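Below, each chain spelled out in residue letters.
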Amino acid sequence: MFFIHHSPIGNKTQQPIDKIGTGLAFFSVFRVFRGYELRLFRMMYTAALQHIKLGDWLTLLLGSIFVALLTFKLWSGDLADKAIIRSGGKIFREVPLSRDQQIEVPGPLGVSIISIQNRKARIASDPSPRQYCVRQGWLQQAGEIALCLPNQVSVELAGSRKKYDSLNY
Amino acid sequence: MTTSTINLNTTAEDHHIARMAAVALGLTILESAIPSPLPGVKPGLANIVTLIVLARYGWRTAAWVSLLRVVAGSLLFGNFLTPGFFLSLSGAVLSLIVLAFARHLPARWFGPVSHSIYAAFAHITGQMLVVYLWLIPHAGIAYLIPIFATAALVFGTVNGLIAARFMDNFKKPLDHGIHGRKAI
């Protein structure tokens, strides 16, 4: 549910029969609610409105802004969803961050172990001489990347939205 | 062999609080019949009682009613000391803390709708804290926060409106309502 897969095939075009169906549905609802039901809804609506005072409208406004901010910030796709592990320039595996696991990636120098824990990823061990990628530590945000150039292994965190247009290294 | 009896001396205020907690409990049971799309997204109908009690009898009585309802409801449903119970409890405690501050807002402009919305947001905050610090220490729950926040806003407003509608009949401030024969 949390992983948005972008399928290569786009949405199918809307058929004419769908437009006719939607129009019929709206028309039938309008016919049903033209009589007594509309007066009842109006009564309930005004009865509700008289209990909302001025400060209540302010609270409602603040609450709506708060909810909109939360939705925008948390659902914008900037949250890191998966770790893309590359070996030798090609994508070795795309791993979701939801499960704690350890992945061993073979390379020319040996095996690099990438560990995913608590929705963070890091290169736990690597047979490179200067251990730059291990010293990178935990990657947490989308777009962060750790490279082991001697062993040609890299791990990058990605969200549902691409953070950089292209990276060259 | 003489039988020993334990006498619990209950005051009329105890009876009153117990009666209101029972009403809140009944609403909780009613609410369990309503299916919810996501565990944790519930209308929170029992909070209507808390709001009315807060407006009419003060914060201490509302705290008693709310916490009694959480404990008794968990015993009734067999949820006592389960994670669900701690979620309920944390939500209730944090919303009571927020209501302790919110009741000082000027009553001319802020009615039960405001109290309900603040308490609802405090409720989901308390639950999210318990979930993140204890149950699921995983940043993935960030995806659930907007859903809970929307539900808190919507159901908070609805509950506040219902509470305000119930309080329409009791516009005058009550002084000896505890000892009188009132329904609530």
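Residues numbered from 1 in each chain as written. Chains lettered and ligands numbered in written order. Predicted model: local features only at pLDDT ≥ 70, side-chain atom pairs only at ≥ 80, totals over all residues.

Undergrad: Any chance you could explain the overall build of chain B here in plain terms?
TA: Counting its regular elements, chain B contains 6 helices and 0 strands. Secondary structure elements in chain B, listed N-terminal to C-terminal, are α-α-α-α-α-α. For 184 residues, the compact-globule estimate of 2.2 N^0.38 gives 16 Å, and the C-alpha radius of gyration of chain B, at 18 Å, lies within 12% of that figure. Along the first, second and third principal axes, the C-alpha atoms of chain B reach 60 × 55 × 30 Å. Counting over 184 residues, chain B shows a buried share of 38%. The contacts of chain B with a sequence gap of at least 6 include a subset with a gap of at least 24, amounting to 74%. (Helix = DSSP H or I, 4+ residues; strand = E, 2+ residues; numbered from the N terminus. Rg over C-alpha atoms; globule rule 2.2 N^0.38 Å. Buried ≥ 20, exposed ≤ 12 C-beta atoms within 10 Å, placed from the backbone. Contact = placed C-beta atoms within 7 Å.)

Undergrad: Whenever I open this one, the interface of chain B and chain A confuses me. Can you help?
TA: Contacts between the two partners involve 24 residues from chain B, matched on the other side by 22 residues from chain A. The dominant element in the side of chain B that touches chain A, judged by the number of residues it contributes, is helix α6 (residues 145–166) of chain B, at 9 residues. Looking at side-chain class alone, the side of chain B that touches chain A contains 17 nonpolar, 6 polar and 1 charged residues. (Nonpolar A, V, L, I, M, F, W, Y, C, P; charged D, E, K, R; others polar.)

Undergrad: Help me out: how do you make sense of the sheet that holds strand β4 (residues 111–117) of chain A in this one?
TA: Pairing between sheet strands relies on hydrogen bonds along the backbone, with the strands arranged either parallel or antiparallel. All names here are of chain A. Ordered by their spatial adjacency, 3 strands build an open sheet running β3-β4-β5, and the pairing between neighbours is antiparallel. Looking at strand neighbours, the two that pair on one side only are β3 (101–106) and β5 (120–125), the edges of this open sheet. Taken pair by pair, the neighbouring strands of this sheet meet at an average axis angle of 25°, ignoring direction. As paired strands, β4 and β5 are joined by 5 bridges and run antiparallel to one another. Residue Ile-114 lies in a different strand from β5, and its bridge partner there is Ile-123. (Pairing = 2+ DSSP bridges. Axes fitted to C-alpha atoms, helices over the stretch in contact; angles between N-to-C directions.)

Undergrad: Just checking my understanding: could you explain the pairing of strand β6 (residues 145–148) of chain A for this structure?
TA: A regular strand places its side chains on the two faces of the sheet in alternate fashion. Residues and elements named next belong to chain A. Here β6 shows one buried face, formed by Ala-146 and Cys-148, and one open face, formed by Ile-145 and Leu-147. Across 4 bridges, the pairing between β6 and strand β7 (residues 153–158) is antiparallel. Each residue of the ladder has a partner; that of Ile-145, found in β7, is Glu-156. Linking β6 to β7, which pair antiparallel, is a turn of 4 residues; within it Gln-152 sits at a positive phi near 60°.

From the geometry alone we can't say anything about function, so treat these as descriptive.
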